[in-house]
Amino acid sequence: MQSQLEIRHIESDADLAASFPVMQELRPHLSDRAAYQAQVAQQREQGYRLLAAWRDGVIVGLAGYRLQDNLLYGRFVYVDDLVVSAALHRSGLGERLLQAARRQALALNCRHFVLDTGLHMALAQRFYFRQGLLARGMHFVEPLIQETNT
């Protein structure tokens, strides 16, 4: 029997809480489920949306994105987060999530679809190239407040 896969936006607090273990695979510095939910709630106020892939009722992948406008791209969707459970890498689920986010961008009449990935993530870079995304620059970051590990 084939398992069912559904991709849809997370709308409820319960579904957001259930997404935490998958997001933690991408963002291992996240250690507190309640803090994660509060952060996503804050990002939602800024237009963040979270698409989730459910397989047999369990969240197995996520794509977080937001609608933005700037002088460089005009109207665009920026993908903040894209993660698939480690057990499902190479299953095509990442491509399906990326396509779902791209469809959102098209529905919002965006001119561009944008994401960043780490320079150290060669496999992710190859995946994005295969999905039609091209490297157009480098992302520079300066920490303004030093985080302490307590």
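In what follows, the structure referred to is the one given above.
Let me sum up the structure you'll find in this document. Remember, it's a predicted structure, so these values are computed and weren't measured experimentally.

Details of the nonpolar core
At step 1: Counting residues in each nonpolar core, the largest one holds 23 residues, and the members touching the most others are Leu82, Leu93, Leu97, Leu98, Phe113 and Tyr128.
At step 2: For this core, the secondary-structure elements that each account for two or more residues are strand E2 (49-55), strand E3 (58-70), strand E4 (74-84), helix H3 (93-107), strand E5 (112-115) and helix H4 (122-130).
At step 3: Every residue in contact with Leu97, bar those within four places of it in the chain, is listed here: Ile7, Leu51, Ala52, Ala53, Gly61, Leu62, Ala63, Leu82, Val83 and Val84.
At step 4: Among the nonpolar cores identified, the runner-up in size contains 14 residues, and Val22, Tyr48, Ile59 and Leu62 belong to it.

Digging into a nonpolar patch on the surface
At step 1: On the surface, a nonpolar cluster with roughly 440 Å² of combined accessible area is contributed by Leu119, Met138 and Phe140.
At step 2: With respect to the secondary-structure elements, Met138 resides in the segment after H4.
At step 3: Taking relative accessible area as the criterion, Met138 reaches 56% and is therefore assigned exposed.

Considerations on H3
At step 1: Here H3 is 15 residues long and its end C-alpha atoms lie 21 Å apart, about the 21 Å a rise of 1.5 Å per residue gives.
At step 2: For H3, the full list of buried residues reads Leu93, Gly94, Leu97, Leu98, Ala100, Ala101 and Ala105. One side of H3 carries all its buried residues, which in axial view fall inside an arc of 155°. Away from the buried face of H3 by more than 90 degrees, exposed residues Arg103, Leu106 and Ala107 are located.
At step 3: Close packing links the buried residues of H3 with strand E1 (5-9), E2, E3, E4, E5 and H4.
At step 4: Following H3 by one or two positions, Asn109 has its phi on the positive side, about 60°.

Points about the side chain of Arg66
At step 1: If you trace the backbone, Arg66 turns up in strand E3.
At step 2: At 3.1 Å, the side chain of Arg66 forms a polar contact with the side chain of Asp80.

Focus on the pairing of E2
At step 1: Of all 7 residues in E2, 5 are buried; the element is thus mostly enclosed.
At step 2: Sheet analysis places E1 next to E2, joined by 5 bridges and oriented antiparallel. Bridge assignment links Arg8 to a residue of E2, and that residue is Ala52.
At step 3: Pairing of E2 with E3, which is carried by 7 bridges, proceeds in the antiparallel orientation. Across the sheet, residue Ala53 finds its bridge partner in E3, namely Gly61.
At step 4: In this structure, the hairpin formed by E2 and E3 is closed by a connection of 2 residues, where Asp56 is found at a positive phi of approximately 50°.

What about unusual backbone geometry?
At step 1: Phi is positive for Asp56, which is not a glycine, with a value near 50°.
At step 2: Locating Asp56 in the fold gives a position in the loop between E2 and E3.
At step 3: Residue class for Asp56 comes out exposed when judged on its relative accessible area of 52%.
At step 4: In this structure, Asn109 takes a positive phi of about 60° despite not being glycine.
At step 5: Within the element layout of this structure, Asn109 appears in the loop between H3 and E5.

Quick notes on the packing of aromatic side chains
At step 1: Tallied over the entire structure, the rule returns 3 aromatic pairs.
At step 2: The aromatic ring of Trp54 is capped on one face by Arg8, whose charged end is 3.7 Å from the ring centroid.

How each quantity is defined
Residues numbered from 1 in each chain as written. Predicted model: local features only at pLDDT ≥ 70, side-chain atom pairs only at ≥ 80, totals over all residues. Heavy atoms only, no water. Core = buried A, V, L, I, M, F, W, Y, C linked by side-chain atoms within 4.5 Å. Buried < 20%, exposed > 50% of the residue type's maximum accessible area, 1.4 Å probe, protein only. Helix = DSSP H or I, 4+ residues; strand = E, 2+ residues; numbered from the N terminus. Contact = heavy atoms within 4.5 Å. Patch = residues over 30% accessible without salt bridge, like charges linked within 9 Å, V, L, I, M, F, W, Y side chains within 5 Å. Areas by Shrake-Rupley, 256 points an atom, 1.4 Å probe, with all protein chains shown as cover. Salt bridge = Lys/Arg side-chain N within 4 Å of Asp/Glu carboxyl O. Expected span 1.5 Å × (residues − 1). Arc of directions from axis to C-beta. Polar contact = N/O pair within 3.5 Å; in protein donor to acceptor, adjacent residues only side chain to side chain. Pairing = 2+ DSSP bridges. Phe/Tyr/Trp six-rings, centres within 6.5 Å; stacked < 30°, edge-to-face > 60°. Lys NZ or Arg CZ within 6 Å of the ring centre and 35° of its normal.

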